[in-house]
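# Observations on the three-dimensional arrangement
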Amino acid sequence: KAAGEIAAYAPGWTRRGIVPTAGADPCYLAIDRVSACLAIANYSSGSVAFCQLDRRTGVPGQPTLFRHTGSGPNHDRQDGPHAHWVGFSPDRRWLHSVDLGADAIFAYRFDPRARTLAQPVVAWRAPAGAGPRHLVRHPTRSIAYVVCEMSNTLIMLDAGADGRFVTRHSVSTLPAGHSGASQAAHIAIDRAGRRIYVSNRGHDSIAVFAL
């Protein structure tokens, strides 16, 4: 398990600073540009690192670490929490983290003025063993979509003002009748909110969904 680091670079790839992520195998990061705050998902250690950025240089300060808890029924992949994605909500009141190991999305109350996070709470529970991976939000509606790596499903969620999510609909990312091994991976939505794209590793395909 590799100890993670985050580095800041100026134009020309001149490194301005580097700090540890306080966890193992960081895999995703998100920035709230107005408050100059950075969040990082540490996959193997199941934690989120939160840094205040220097407003002049962009260099991250020393991180505050938040640990997830939980596990899933797949003992090989879900022996403990595995934070796989982080993102700030459009209203800038929440930071969410999708955790594959815990079968959950965690919500952190975010204060953009104080530049702080509160301790995480469970915002949504995935079906057991689904392995939620990444999340995207609809550009104009209070709806989010989470792709589950292990169950190969796309799940539509109603996003509440309290930072929580409620399941509305679920659909497979694989064609009917497919029996080979595959794992859903990346998810993207177009700017108009008309299409969602999900990559399938194993089936080696892109699933396209009309909204």
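I will try to describe carefully the structure that is included in this document. Everything numeric in this text was worked out from a predicted model, so none of it was measured. (Residues numbered from 1 in each chain as written. Predicted model: local features only at pLDDT ≥ 70, side-chain atom pairs only at ≥ 80, totals over all residues. Heavy atoms only, no water.)

Turning our attention to the pairing of strand 16 (residues 183–189). Looking at chain direction, strand 16 and strand 17 (residues 195–201) are connected through five bridges and run antiparallel. When the sheet's bridge partners are listed, Ala184 is paired in strand 17 with Asn200. Counting the residues that bridge the hairpin from strand 16 to strand 17 gives five residues, and of these Gly193 lies at a positive phi of roughly 70 degrees. (Pairing = 2+ DSSP bridges. Helix = DSSP H or I, 4+ residues; strand = E, 2+ residues; numbered from the N terminus.)

Our next topic: the environment of Val146. Checked against the element boundaries, Val146 lands in strand 13 (residues 143–148). The spacing of Val146 and Arg133 is 13 residues in sequence and 7.1 Å in space, taken between C-alpha atoms. What Val146 contacts, discounting residues up to four positions off in sequence, is Val98, Trp124, Pro132, Arg133, His134, Leu135, Thr153, Leu154, Ile155 and Leu157. (Contact = heavy atoms within 4.5 Å.)

One non-glycine residue, Trp13, lies in positive phi territory at about 60 degrees. A positive phi angle, close to 55 degrees, is found at Asn152, a residue other than glycine. Turning to its location among the elements, Asn152 is positioned in the loop between strand 13 and strand 14 (153–159).

Right, let's get into the side chain of Thr173. Take Thr173: it is sitting in the loop between strand 15 (165–172) and strand 16. Those residues in contact with Thr173 that sit more than four places away from it in its chain are Asn152, Thr153, Leu154, Ala184, Val198, Asn200, Ala207 and Phe209.

Residue placement: Val171 occurs in strand 15. Val171 gets classed as partly exposed once you look at its relative accessible area, which sits at 31%. C-alpha of Val171 to C-alpha of Val208: the two residues are 37 residues apart in sequence and 12 Å apart in space. (Buried < 20%, exposed > 50% of the residue type's maximum accessible area, 1.4 Å probe, protein only.)

Nothing here speaks to function; it is all geometry.
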